[in-house]
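What the coordinates show
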Amino acid sequence: MAVFSDPVDALLNFQAALDAFRTSNWLEAGPSGVGAYPVMNVFRKGDDFIVIAEVPGVTKSDLDVQVKGRTLRLAGVKSVSYPEKASVHRRERLAGRFDRAVTMPIEIDPDGVKAEYRDGILALFLPRAESDKPKTIKVA
Amino acid sequence: MANRSKGKGTDMADKQEMAVREKKEMVAREEKTVPGRHFIPAADIYETEEALAVVLEMPGVEKKDLEVALENDVLRVDGRIDFSKYRDMEPVYTEYNIGHYARSFALSSHFERDKISANLEDGVLTLTFPKAKHAQPRKIAIG
């Protein structure tokens, strides 16, 4: 991919690419609940889609991921706690409940979905359902 | 939904709905040697009788890519993300940008330097600075 052509500027270029899509209207008819927590980025890798969301401080067991048809649901609880007698100087981290559903532009094969959670980042691999893949028609 | 700040506030209300907050980009005093954007990690700082704790959210940073330094009473935290994981992935819809994290705080010097501890879990870094004996509050009995 052209984005990674120069190793020195690779990150800069990738960041520019991410920004370019933030202003694009791809999926405009798609994702419900834009502006809902957690924020997510959607990537394409071949036929399949990858959704990546930042949920720092959420434990694995507090994450609930569901997939049905074209819809992906991501719910959970993020809690922030302090010791009993602590005096808090700064409080910037947010806490609370979240529940977000997103419609993908492809039919997802629910059995092939993989979810990975590491270092506060949730990655979901959403394979395109076989029935949704385009068929090549031979021109006779 | 306003059931926060009830009681002692030891646990933020779990029933609260979460909001989205844009990542803050860093406006550095000095430029970084590596190109690319840096972001300011969200931080909580609290103090107990024994210690000061700094909690920073740095999603995507692995232990090996984290650098914590304390120099001249300035705490400096640098977290680098490994974006090679994004290789061969074509962005089609994005809501946030990624980048390295950097933040520094000026601390007082009343800490036991060799007892500072750091713990990284689920993208959250917790730094604990135990207070030196002379800085801990002393109970004075009234005779």
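Source: prediction; values computed, not measured.

**Describing the overall build of chain A**
Counting its regular elements, chain A contains one helix and eight strands. Counting helices and strands in the order they occur from the N terminus, chain A gives α-β-β-β-β-β-β-β-β. Out of the 140 residues belonging to chain A, those deemed buried represent 30%. For chain A, the proportion of contacts with a sequence separation of at least 24, taken over those separated by at least 6, is 53%.

**Structural notes on the overall build of chain B**
When helices and strands are tallied, chain B shows zero helices and ten strands. The linear arrangement of helices and strands in chain B, starting from the amino end, is β-β-β-β-β-β-β-β-β-β. With 143 residues in all, chain B has 25% of them scored as buried. A sequence separation of at least 24 residues applies to 51% of the contacts in chain B between residues at least 6 apart.

**Re the sheet that holds strand E6 (residues 96-103) of chain A**
Residue and element names in this part refer to chain A. Strand order in the open sheet formed by three strands is E3-E4-E6, and the pairing between neighbours is antiparallel. Among the strands making up the open sheet, the edge pair consists of strand E3 (63-68) and E6. Each strand of the sheet is rotated relative to its neighbour by a mean of 10 degrees, with strand direction disregarded.

**Topic: the nonpolar core**
Judged by nonpolar contacts, the single largest core of 23 residues is most densely connected at Ala43, Val54, Val55, Leu56, Met58, Leu125 and Phe129 of chain B. Elements supplying a minimum of two residues to this core: helix H1 (10-22) of chain A together with strand E4 (51-57), strand E6 (74-81) and strand E10 (124-130) of chain B. In contact with Ala43 of chain B, other than residues within four places in its own chain, are Arg90 and Glu92 of chain A together with Val54, Val55, Leu56 and Arg103 of chain B.

**Let's talk about the environment of Glu62 of chain B**
Within the secondary structure, Glu62 of chain B is located in strand E5 (residues 61-71). In the structure, Glu62 of chain B is positioned 20 residues away from Asp82 of chain B in sequence and 8.1 Å away in space, judged by C-alpha atoms. Discounting chain neighbours no more than four positions away, the residues touching Glu62 of chain B are Asp119 of chain A together with Asp82 of chain B.

**Digging into the interface of chain B and chain A**
Each partner contributes residues to the interface: chain B has 48 residues there, and chain A has 55 residues. Elements represented by at least two residues in the side of chain B that touches chain A include exactly strand E3 (43-47), E4, E5 and strand E7 (90-93) of chain B. It is E3 of chain B that provides the largest number of residues to the side of chain B that touches chain A, a total of five residues. Examined bridge by bridge, strand E5 (residues 87-91) of chain A and E3 of chain B share four bridges and lie antiparallel to one another. Following the sheet pairing, Ser87 of chain A is matched in E3 of chain B by Glu47 of chain B.

**Side note on the pairing of E10 of chain B**
Residues and elements named next belong to chain B. Relative to E10, E4 runs antiparallel, the two being bridged by seven bridges. Across the sheet, the residue bridging to Glu57 is Val124, located in E10. Judged from the five bridges that link them, strand E9 (residues 117-121) and E10 form a sheet pairing that is antiparallel. Across the sheet, the residue bridging to Leu120 is Leu125, located in E10. In textbook terms, the turn of a hairpin is the stretch between consecutive antiparallel strands, and for E9 and E10 this stretch comprises two residues, one of which, Asp122, has a positive phi near 50 degrees.

**A short note on the sheet that holds strand E8 (residues 121-126) of chain A**
With antiparallel pairing, five strands are arranged side by side in an open sheet as E7(A)-E8(A)-E2(A)-E1(A)-E7(B). Of all strands in the sheet, those bounded by a partner on one side alone are strand E7 (114-118) of chain A together with E7 of chain B. Strand-to-strand, the axes of this sheet are offset by a mean angle of 25 degrees, without reference to chain direction. Here E7 of chain A pairs with E8 of chain A via five bridges, running antiparallel. In the strand pairing of E8 of chain A, Tyr117 of chain A is matched with Leu122 of chain A.

**Notes on the confidence of the model for chain B**
In this model, chain B carries an average pLDDT of 83, and 87% of its residues clear a pLDDT of 70 or more. Under the prediction, the complex receives an ipTM of 0.77, its pTM being 0.79.

**Notes on the environment of Pro83 of chain A**
Residue and element names in this part refer to chain A. Within the secondary structure, Pro83 sits in the loop between strand E4 (71-78) and E5. We classify Pro83 as partly exposed; it has 13 C-beta atoms within 10 Å. Sequence separation between Pro83 and Pro38 is 45 residues, and the spatial gap between their C-alpha atoms is 26 Å.

**Section: unusual backbone geometry**
All names here are of chain B. Its identity as a non-glycine residue notwithstanding, Asp88 has a phi of 65 degrees, on the positive side. Relative to the helices and strands, Asp88 is located in the loop between E6 and E7. Phi angles above zero are rare outside glycine, and Asp122 is one such case at about 50 degrees. Locating Asp122 in the fold gives a position in the loop between E9 and E10. The class of Asp122 is partly exposed, set by 19 C-beta atoms lying within 10 Å.

Rules used throughout
Residues numbered from 1 in each chain as written. Chains lettered and ligands numbered in written order. Predicted model: local features only at pLDDT ≥ 70, side-chain atom pairs only at ≥ 80, totals over all residues. Helix = DSSP H or I, 4+ residues; strand = E, 2+ residues; numbered from the N terminus. Buried ≥ 20, exposed ≤ 12 C-beta atoms within 10 Å, placed from the backbone. Contact = placed C-beta atoms within 7 Å. Pairing = 2+ DSSP bridges. Axes fitted to C-alpha atoms, helices over the stretch in contact; angles between N-to-C directions. Core = buried A, V, L, I, M, F, W, Y, C linked by C-beta atoms within 7 Å. pLDDT = per-residue confidence, 0-100.

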